[in-house]
Amino acid sequence: MAAAGTAGPAGNVFPFRDSRATPDPVLEAGPVAHGPLPVPLVLDNGSFQARAGWACPGPDPGPEPRLQFRAVCARGRGAARGGAGPQVGNALGSLEPLRWMLRSPFDRNVPVNLELQELLFDYSFQHLGVSSQGCVDHPIVLTEAVCNPLYSRQMMSELLFECYGIPKVAYGIDSLFSFYHNKAKNLISSGLIISSGYQCTHILPILEGRLDAKNCKRINLGGSQAAGYLQRLLQLKYPGHLAAITLSRMEEILHEHSYIAEDYAEELQKWRCPDYYENNVHKMQLPFSNKLLGSTLTAEEKQERRQQQLRRLQELNARRREEKLQLDQERLDRLLYVQELLEDGQMDQFHKALIELNMDSPEELQSYIHKLSSAVEQAKQKILQSEVTLEVDVVDSKPEGNVSVYPRGPPLSPRCGMPGSRGTETPELEPLEPSLEDVESINDFEPLFSEEAPEVEKPVPTIQPVFNLAAYHQLFVGTERIRAPEIIFQPSLIGEEQAGIAETLQYILDRYPKDVQEMLVQNVFLTGGNMMYPGMKVRIEKELLEMRPFQSSFQVQLASNPVLDAWYGARDWALDHLDDDAVWVTRKDYEEKGGEYLKEHCASNVYVPIRLPKQAARSSDAQAPGKGSAAGGGGAGEQA
């Protein structure tokens with residue numbers, strides 16, 4: 001992401017990259033198991049991007065995740081008819097042509113569609129080179145949403161244990177894994193985590209290394225809403241480029257050209273200055289073509305284009321004639337075979353063949369044979385004639401070689417003669433060239449209505465544009481650079497009745513005593529892809545300075561890599577707890593305690609088991625004997 005005053009290209013003109021994802025390679029085999037335990041698989045299951053890789057033990061645990069792809073799927077064309085199956089992630093290439101077909105397994109940040117989630121897992125395991133047959137024989141560390149619903153975890157555990165047959169799994173929160181990766185080893189710390197992603201923003205208080213789930217708060221705003229808001233702003237500003245202002249390009253503007261204002265109102269006042277606007281506006285160049293359609297073509301180019309269209313039409317008609325001739329020839333051979341059965345005296349087979357052909361008598365068969373024979377002969381003559389005509393057109397490519405369709409008279413041959421006289425010409429038809437259908441400007445009518453044909457053809461005047469095409473296809477992104485990311489601080493900008501980050505942060509701190517507040521603000525940790533805007537850390541410090549008491553201290557820390565630190569933290573956690581059975585949910589735990597069961601650890605949610613209401617259970621048990629007794633029903637009901 002670019003800062004506010006970063007120097008750009010000449011004139012602050014930035015072309016759109018329109019990057020296209022490249023398909024991921026399929027690894028032949030995963031890493032070799034170290035010791036008696038297999039290598040864990042680490043899956044950061046994000047709503048914007050999924051990241052998968054191996055947690056290899058040893059001094060060098062390996063590079064960044066092997067796979068990083070968008071968490072979307074699209075059904076291939078013709079999949080219902082046996083064509084290509086669903087495509088996932090980077091296999092889709094550019095997302096904009098398939099935007100209306102994209103499906104995500106997430107509802108905001110919670111996976112709810114397990115069929116699509118299974119496609120994401122299949123893609124990950126296949127490209128990571130999982131070599132075990134019939135199952136995934138590796139422990140899995142999987143991220144989940146804050147305060148994840150029990151039903152979502154139950155369906156995820158059922159998918160992993162029943163479909164993939166994994167030995168054990170551990171669930172954790174992505175922002176807590178990022179916090180785990182950035183803190184010092186063996187240090188139990190407290191703090192406030194501000195995590196902003198693609199769909200939601202969370203503020204999580206951490207007390208002595210554990211999540212305080214009762215005081216967690218969520219803001220239903222993130223990068224997705226910022227991209228949609230920016231798209232609406234620019235579409236209202238440039239109604240002539242609605243189709244070119246796509247969500248992918250808006251995400252590119254957010255990632256590379258937006259920033260967070262330290263003081264939003266003061267920054268808007270700066271943008272009112274013309275000099276400041278000229279120096280800081282980013283001009284996004286849309287793709288365009290320098291050639292104006294139908295205005296800069298010369299007479300020779302128009303003539304050549306018409307000849308190319310004529311040749312394409314002739315080739316298309318020739319292919320259609322050949323296909324029809326082949327079908328007619330096959331049907332004629334079939335009818336002749338049936339006629340031979342009649343001549344050979346095989347009456348039984350002949351009558352069966354007549355019934356299959358839906359015919360009643362040999363006379364009808366003979367009539368069909370005669371009609372098909374004449375049709376086949378005529379088609380062969382037309383194909384031969386079209387081939388000869390095409391050869392003549394290729395040899396003689398004069399302007400009068402065009403085929404023109406006129407409202408009177410039969411169609412003429414390509415050399416303006418009758419079909420049987422290709423060597424003769426009709427000079428009286430020459431002044432009708434070009435035809436009225438090909439006239440595109442008022443200047444082309446002059447040679448048609450002049451008394452004498454001009455000796456030299458006048459050049460078609462080219463229409464020069466009265467404006468710069470490049471400048472017309474530029475999007476001036478000024479105050480939009482700060483307005484779009486500002487929605488997480490002021491949700492009212494897009495009409496949302498929610499509190500921003502500053503108000504929510506103040507609300508959470510007010511729920512703790514003074515000493516706990518002082519301890520929490522000493523470690524305010526920022527993580528998530530939506531926290532990578534330049535100026536985000538300075539803005540959070542300014543908001544804390546306004547809400548904290550006079551001369552009080554606080555400290556704000558930004559993650560070293562807000563996007564990938566969640567995966568790095570999950571990898572570090574998997575290597576540190578590889579032999580600790582107290583944090584892994586095994587298959588035995590899944591079968592005994594249900595799919596929603598969770599073993600808590602420093603980066604996990606708080607496990608809240610399902611408790612059935614006892615009073616409802618007692619009333620349901622008492623209703624059965626009450627229905628059977630007619631006389632004492634009232635007394636039984638009172639006792640129950």
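Residues numbered from 1 in each chain as written. Predicted model: local features only at pLDDT ≥ 70, side-chain atom pairs only at ≥ 80, totals over all residues. Heavy atoms only, no water.

Student: Looking at this model, I keep getting lost on helix α4 (residues 223-237). Mind explaining?
Tutor: In an α-helix, one turn spans 3.6 residues; hence positions three or four apart end up facing the same way. The terminal C-alpha atoms of α4, which comprises 15 residues, lie 21 Å apart, in line with the 21 Å expected from a rise of 1.5 Å per residue. Taken residue by residue, α4 has Gly-223, Gln-225, Ala-226, Ala-227, Gly-228, Tyr-229, Leu-230, Gln-231, Leu-233 and Leu-234 as its buried positions. Its buried side turned inward, α4 meets α5 (247-257), β16 (474-477) and α13 (480-483). (Helix = DSSP H or I, 4+ residues; strand = E, 2+ residues; numbered from the N terminus. Expected span 1.5 Å × (residues − 1). Buried < 20%, exposed > 50% of the residue type's maximum accessible area, 1.4 Å probe, protein only. Contact = heavy atoms within 4.5 Å.)

Student: I keep staring at the packing of aromatic side chains and nothing clicks. Help me out?
Tutor: Two aromatic rings are characterised by how far apart their centres lie and by the angle between their planes. Here the structure, examined in full by the defined rule, presents 13 aromatic pairs. Seen in terms of ring centroids, Phe-69 and Tyr-123 are 4.8 Å apart; in terms of plane orientation they differ by 65°. Their pairing is edge-to-face. Placement of the pair is Phe-69 in strand β4 (residues 67-70) and Tyr-123 in helix α1 (residues 114-128), with a sequence separation of 54 residues. Under the relative-accessibility criterion, Phe-69 is labelled buried at 1%. The buried category is assigned to Tyr-123, whose relative accessible area is 7%. Ring plane angle 70° and centroid distance 5.6 Å describe the contact between Phe-179 and Phe-525, whose orientation is recorded as edge-to-face. Remark: Phe-525 occurs in strand β17 (residues 524-527) and Phe-179 occurs in helix α3 (residues 174-182); sequence separation between them is 346 residues. (Phe/Tyr/Trp six-rings, centres within 6.5 Å; stacked < 30°, edge-to-face > 60°.)

Student: Whenever I open this one, helix α16 (residues 536-547) confuses me. Can you help?
Tutor: The terminal C-alpha atoms of α16, which comprises twelve residues, lie 17 Å apart, in line with the 16 Å expected from a rise of 1.5 Å per residue. Residues Met-536, Arg-539, Ile-540, Lys-542, Glu-543, Leu-544 and Met-547 constitute the buried set of α16. Contacts from the buried residues of α16 go to β11 (191-196), α14 (501-509), β17 and β18 (556-558).

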